[in-house]
Amino acid sequence: MRKVLDVVLLHGWGSAAGAWDDLAGRLGPRLRVHVPDLPGYGAAPVCAPYTLEAMADAVARCAPLRCHVVGWSLGGEVALAWALRAPRQVRRLALIGATPCFASRPGWPCATPPAVLREFGRLLAVDRADTLARFIAVQARGDAHARRVAGVLQQSSAGSATEGALEAGLAVLLHADLRRDLRRVRQPALVLHGAHDRIVPPAAGRRLAATLPVARFRLMRACAHAPFLSQPARVARALREFFDE
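Residues numbered from 1 in each chain as written. Predicted model: local features only at pLDDT ≥ 70, side-chain atom pairs only at ≥ 80, totals over all residues. Heavy atoms only, no water.

## Thoughts on the overall build of the protein chain
Here comes step 1: Along the backbone of the protein chain there are 10 helices and 6 strands.
Here comes step 2: Rg of the C-alpha trace for the protein chain: 16 Å, near the compact-globule value of 18 Å for 245 residues, within the 12% margin.
Here comes step 3: Relative to its 245 residues, the protein chain shows a buried fraction of 55%.
Here comes step 4: The long-range fraction of contacts in the protein chain, counting pairs at least 24 apart against all pairs at least 6 apart in sequence, stands at 74%.
Here comes step 5: By element, 54% of the accessible surface of the protein chain is carried by carbon and sulfur atoms, the whole surface being about 10,600 Å².
Here comes step 6: Separation of charge centres in the protein chain, based on 33 positive and 19 negative side chains, amounts to 8 Å. (Helix = DSSP H or I, 4+ residues; strand = E, 2+ residues; numbered from the N terminus. Rg over C-alpha atoms; globule rule 2.2 N^0.38 Å. Buried < 20%, exposed > 50% of the residue type's maximum accessible area, 1.4 Å probe, protein only. Contact = heavy atoms within 4.5 Å. Areas by Shrake-Rupley, 256 points an atom, 1.4 Å probe, with all protein chains shown as cover. Lys, Arg positive; Asp, Glu negative; His and termini not counted. Charge placed at Lys NZ, Arg CZ, Asp CG, Glu CD.)

## Overview of the layout of surface pockets
Here comes step 1: By volume, the largest pocket is sized at about 330 Å³.
Here comes step 2: In terms of lining, the largest pocket is formed by 17 residues, of which the most central are Thr112, Val116, Leu117, Phe135 and Ile199.
Here comes step 3: Sorting the residues of the lining of the largest pocket by element identifies α4 (114-126), α5 (128-140) and α7 (163-175) as the ones contributing at least two each.
Here comes step 4: Sort the elements by how many residues they give to the lining of the largest pocket and α4 lands first, with 4 residues. (1 Å grid on protein atoms, 1.4 Å probe; cavity = no way out; pocket = protein on both sides within 12 Å on 5 of 7 lines; lining within 4 Å. Points joined across faces, edges and corners; volume = space filled by probe spheres on them.)

## Quick look at empty space enclosed by the protein
Here comes step 1: The tally for this structure, following the rule as stated, stands at 1 cavity of 30 Å³ or more.
Here comes step 2: In this structure, the largest cavity occupies an estimated 40 Å³ of space.
Here comes step 3: Every residue lining the largest cavity is listed: Trp13, Gly14, Ser15, Leu132, Phe135, Ile136, Gln139, Leu153 and Ser157.
Here comes step 4: Where the lining of the largest cavity is concerned, the elements lending two or more residues are α5 and α6 (146-157).
Here comes step 5: By residue number, the principal contributor to the lining of the largest cavity is α5, which donates 4 residues.
Here comes step 6: Split by residue class, the lining of the largest cavity holds 5 nonpolar, 4 polar and no charged. (Nonpolar A, V, L, I, M, F, W, Y, C, P; charged D, E, K, R; others polar.)

## Structural notes on α6
Here comes step 1: Taking 1.5 Å of rise per residue, the 12 residues of α6 would be expected to cover 16 Å, and the 16 Å separating its terminal C-alpha atoms lies within 8% of that figure.
Here comes step 2: Taken as a whole, α6 has its buried residues at Val149, Leu153, Ser156 and Ser157. Looking straight down α6, one finds its buried side chains confined to an arc of 95 degrees; they lie on one side. Exposed side of α6, more than 90 degrees from the buried face: Arg147 and Gln155 are the residues found there.
Here comes step 3: Buried-residue contacts for α6 involve β3 (67-72), α5 and α9 (227-230). (Expected span 1.5 Å × (residues − 1). Arc of directions from axis to C-beta.)

## Some words on the packing of aromatic side chains
Here comes step 1: Taken as a whole and judged by the stated rule, the model has 6 aromatic pairs.
Here comes step 2: A centroid spacing of 5.3 Å and a plane angle of 85 degrees characterise the contact between Trp13 and Phe135, whose relative ring orientation is edge-to-face. Placement of the pair is Trp13 in the loop between β1 (5-10) and α1 (21-27) and Phe135 in helix α5, with a sequence separation of 122 residues.
Here comes step 3: Note on Trp13: relative accessible area 3%, which makes it buried.
Here comes step 4: Taken together, the ring pairs connect Trp13, Phe120 and Phe135 into an aromatic cluster.
Here comes step 5: Here the basic side chain of Arg92 rests over the ring of Phe242, its NZ or CZ set 4.8 Å away from the ring centre. (Phe/Tyr/Trp six-rings, centres within 6.5 Å; stacked < 30°, edge-to-face > 60°. Lys NZ or Arg CZ within 6 Å of the ring centre and 35° of its normal.)

Have a look at this one:
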């Protein structure tokens, strides 16, 4: 009888653990799924200081002693930080729509200009609901199942986070940069990326996979920023195969 494996799913900025419901249901019973809220989302308290490292430590404390980790978007960056800080706890990494550095910098053009992130923060303070709705629309744009993707994200984002967590999370996206640390991530990694991702360009995913010591890149055509919502059966199959290796 095969051993049951623990898998932790980490959601993205402005979303919530509920975004994983469909995928989580497809991963069992071989995989025992854990879906924590990031700090400041749902029932999870806000960590202080609100940094990538503190976020990683917070999810690590409530996770199994040994587990695989799936991180999407901001959750992918948290997953990388977690793998670096607790290499004995994290066995394998699956990174979806992820990047080691969200904001563009010299030598890193496959990212969002810092001015755009700052303006997004300003708009968030003025009208949270409208700003999140716009963000969801960009995440789904170009996806073959854009309406379904946007609907799930809208449902999972409603009241998902405190204002402080959203603002602090934007600061993490603006300042965190794990590029120099990637060579120290020794866990096998699977990088899944939507071909039409408008939030994190596919080039960032390719460079992420090329820099990690043990990683492979898989481009998902007809998908945008949330392939696990667009093609859940395909993503579930890829994850099961990867974690079974």
